[in-house]
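Examining the three-dimensional arrangement
The primary structure of each chain is shown beneath.
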Amino acid sequence: MAGSCTFNLELKKQPDNRGLFRVYIRITKDRRLKRVATSVYLKRISDWNPLSRNSRFVKATDPDSDAKNSRLLSELDSVKRFFNDNGQNLLSLAAYTPFAESSPHMSVLDYIHEQVEQSSALGKQKSRHYRVLEEKFEQFCASRPGGSMDFRDLTPAIICDFEMFLHTVSRSRGQDCSRLSQSYVNSIMAQFRTVIRRAVMTEKVILPEQDPFRLYKPGRVSVMKEKLEEYEIQALAELELTPDSQLWHTRNCFLFSFYCAGIRAADLMQLRWLNVRDGHLHYQMGKNRKVKDIVLVPQALQILGLYRTQQACDTDYIFPLLDSKAPWAQWYSPSQRDTMPLQLKEQLFMQTSARNVVLNRNLKKLAAMAGIGKNLSFHISRHSFAYLAMKKGVDPMIIKQSLSHSSLTTTERYLGEFGESEVSTALQQLFATDKQAERTVSLTELVNALKEESQDVLERVLTRLSILS
């Protein structure tokens, strides 16, 4: 009780997407109501005791009842102090988080779940990565004595144990019982580090000196990135396919991505005719929100000509991968999609994910038809563009700009696996004939010109260098 205020604990009767029920602090003042979320979740409604008079809100039927009741009391006291310190203003509670004072007893899994829900609410694609982390960390906790794990239990040794655990579990995808690859383990550990760093730097859940990642750094494994050679791109382009068939559309989408500096699948699916203006493609990337202005080379324009009809509207999707009449299709611009209802965001995400699976499945069929012995996927169009641009002598800074990487370090790491071809190129240039040497000199001059005229970077890379004639 604080003045004319009352504080009570209550359980939300609707489960979240993980099937858990969250406990809230209910504050009432002058007949006005405000609820503050706690860090406590229950698996069963029957474990909640709303009539408790001895601070046993969570029944003993919950194996972690003691720890949860302790956290609830701590967070309840924290809310009262915060409320009084801010003049008993209900609006001030919008800025309150109970984690700062109760964090040593806060469940790490619950905090990860918070990040999943926040990312989902914002419609961010990274929520999928958080869900993978949540699934694997929950399995890890279940394999240890006591089950749950608080932030105070996190140590560098626990971090190492979690990494070792990841090497023992399977992908859990249908019939796929294969172990996680080293690169996949590294990805999960990097995501885990991001979550813990957020808890330290933003939420102040634990002190910086308690950060278990101070003494642990996820390793980076060098992975050979698949890419296509010019003759393999040509083989795909020359395949005789039935017009309007799935394979025909898939081949066109892959090549269009390649001709436009490797557009990601989700971005390509959402391209509309209004994105095509004055011989350029204007769109905002979904991953990093950067705006792209790409010249449409003749090969790309030829593909667009296969889809442009008199009945097509500017707001229609270019490629027939998504339904232009779906509810979520009415949000055209990126700023409009930011305000799209969460339910529609989830529907759009599920549609793009499902279509991406179909595209990759069809690309493997196309690879077999074209005699390409590589595990072809849509993202390889991006790898292939970078690889062939590098083979043509394009400066890494130009490739960085074309790929919209944030730093040259990212581009260098992206191209690092292609290093052996650079050695071969150097040998060929060293022992080139006069005609080849003349070609090399012209390429060098062109690269220098590209550095000075960055506005026409992509047009010159794809047309004058003739990546594919």
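Notes on the structure follow. (Residues numbered from 1 in each chain as written. Predicted model: local features only at pLDDT ≥ 70, side-chain atom pairs only at ≥ 80, totals over all residues. Heavy atoms only, no water.)

Description of the sheet that holds strand 1 (residues 5–11)
On the basis of which strands lie adjacent, the open sheet formed by three strands has the order 1-2-3 and antiparallel pairing. Edge strands, defined here as strands with exactly one partner in the open sheet, are strand 1 and strand 3 (32–42). Neighbour-to-neighbour, the strand axes of the sheet open up by a mean angle of 20°, direction not taken into account. Where strand 1 lies against strand 2 (residues 21–29), seven bridges are found, and the strand directions are antiparallel. Following the sheet pairing, Leu 9 is matched in strand 2 by Ile 25. Packing against the sheet, helix 1 (residues 65–85) makes contact with strand 1, strand 2 and strand 3, and its axis sits at approximately 150° to strand 3. (Pairing = 2+ DSSP bridges. Helix = DSSP H or I, 4+ residues; strand = E, 2+ residues; numbered from the N terminus. Axes fitted to C-alpha atoms, helices over the stretch in contact; angles between N-to-C directions. Contact = heavy atoms within 4.5 Å.)

Some points on the packing of helix 5 (residues 156–166) against helix 6 (residues 182–201)
Geometry of a packed helix pair, given as the angle between the helix axes and the separation of the axes. In the contact formed by helix 5 and helix 6, the axes pass within 10 Å of each other and the chain directions differ by 145°. For helix 5 against helix 6, the interelement crossing comes out right-handed. Along the contact surface, helix 5 presents Ile 159, Phe 162, Glu 163 and Leu 166, while helix 6 presents Gln 182, Val 185, Asn 186, Ile 188, Met 189 and Phe 192. Residues of the contact of helix 5 with helix 6, tallied by class, amount to seven nonpolar, two polar and one charged. (Left-handed = near helix turned anticlockwise from the far one by under 90°. Nonpolar A, V, L, I, M, F, W, Y, C, P; charged D, E, K, R; others polar.)

Looking at the nonpolar core
Counting 55 residues, the largest nonpolar core has Leu 236, Phe 254, Phe 256, Leu 281, Phe 319 and Trp 328 as its most contacted members. Tallying contributions element by element places helix 8 (residues 246–259) first for this core, with eight residues. Ranked by size, the runner-up nonpolar core spans 34 residues in total, among them Phe 137, Met 149, Leu 166 and Tyr 184. (Core = buried A, V, L, I, M, F, W, Y, C linked by side-chain atoms within 4.5 Å. Buried < 20%, exposed > 50% of the residue type's maximum accessible area, 1.4 Å probe, protein only.)

A closer look at the side chain of Asp 211
Position of Asp 211 among the secondary structure elements: in the loop between helix 6 and helix 7 (230–237). Taking relative accessible area as the criterion, Asp 211 reaches 7% and is therefore assigned buried. A distance of 2.7 Å separates polar atoms of two side chains, one belonging to Asp 211 and the other to Arg 197. Polar side-chain contacts of Asp 211 include one of 2.9 Å to the backbone nitrogen of Phe 213. In this structure, Asp 211 is in contact with Ile 196, Arg 197, Val 200 and Ile 206, ignoring residues within four places of it in sequence. (Polar contact = N/O pair within 3.5 Å; in protein donor to acceptor, adjacent residues only side chain to side chain.)

Focus: helix 12 (residues 342–369)
If you check helix 12, its first and last C-alpha atoms are 41 Å apart, about what 28 residues at 1.5 Å a residue would give, namely 40 Å. Directly after helix 12, the chain includes Gly 371, whose backbone phi takes a positive value near 70°. (Expected span 1.5 Å × (residues − 1).)

Things to note about the packing of aromatic side chains
Applying the stated criterion across every chain yields a total of 15 aromatic pairs. Ring centres 5.8 Å apart and planes at 80° place the aromatic pair Phe 7 and Phe 83 in the edge-to-face group. Remark: Phe 83 occurs in helix 1 and Phe 7 occurs in strand 1; sequence separation between them is 76 residues. Here the two residues Phe 7 and Phe 83 agree in accessibility, since each one is buried. With centroids separated by 5.6 Å and ring planes inclined at 80°, the aromatic side chains of Tyr 111 and Phe 151 adopt a geometry described as edge-to-face. With Tyr 111 in helix 3 (residues 108–121) and Phe 151 in the loop between helix 4 (127–142) and helix 5, this pair connects stretches of sequence that are 40 residues apart. Both residues of the pair, Tyr 111 and Phe 151, belong to the buried class. Counting every residue linked through ring pairs, the aromatic cluster contains Phe 137, Phe 140, Phe 162, Phe 165, Phe 192 and Phe 213. Sitting over the face of the ring of Trp 273, Arg 308 holds its NZ or CZ atom 4.6 Å from the ring centroid. (Phe/Tyr/Trp six-rings, centres within 6.5 Å; stacked < 30°, edge-to-face > 60°. Lys NZ or Arg CZ within 6 Å of the ring centre and 35° of its normal.)

Comments concerning the environment of Tyr 332
Secondary-structure assignment places Tyr 332 in the loop between helix 10 (298–305) and helix 11 (334–338). Judged by relative accessible area, which is 31%, Tyr 332 ranks as partly exposed. Sequence separation between Tyr 332 and Arg 272 is 60 residues; the distance between their C-alpha atoms is 8.4 Å. Residues contacting Tyr 332, with those up to four places away along its chain left out, are Arg 272, Thr 315 and Arg 337.

Description of the sheet that holds strand 4 (residues 276–277)
One key point about sheets: their strands pair by backbone hydrogen bonds, in either a parallel or an antiparallel sense. Sheet architecture is open: three strands sit in the order 4-5-6, paired in antiparallel fashion. The sheet is open, and its two edges are formed by strand 4 and strand 6 (291–295), each paired on a single side. Examined bridge by bridge, strand 4 and strand 5 (residues 280–284) share two bridges and lie antiparallel to one another. If you follow Val 276 over to strand 5, its bridge partner there is Leu 281.

A closer look at unusual backbone geometry
Backbone geometry at Asp 30 places phi at a positive 50°, although glycine is not the residue there. Backbone geometry places Asp 278, a non-glycine residue, at a positive phi of 50°. If you trace the backbone, Asp 278 turns up in the loop between strand 4 and strand 5. With a relative accessible area of 79%, Asp 278 lands in the exposed category.

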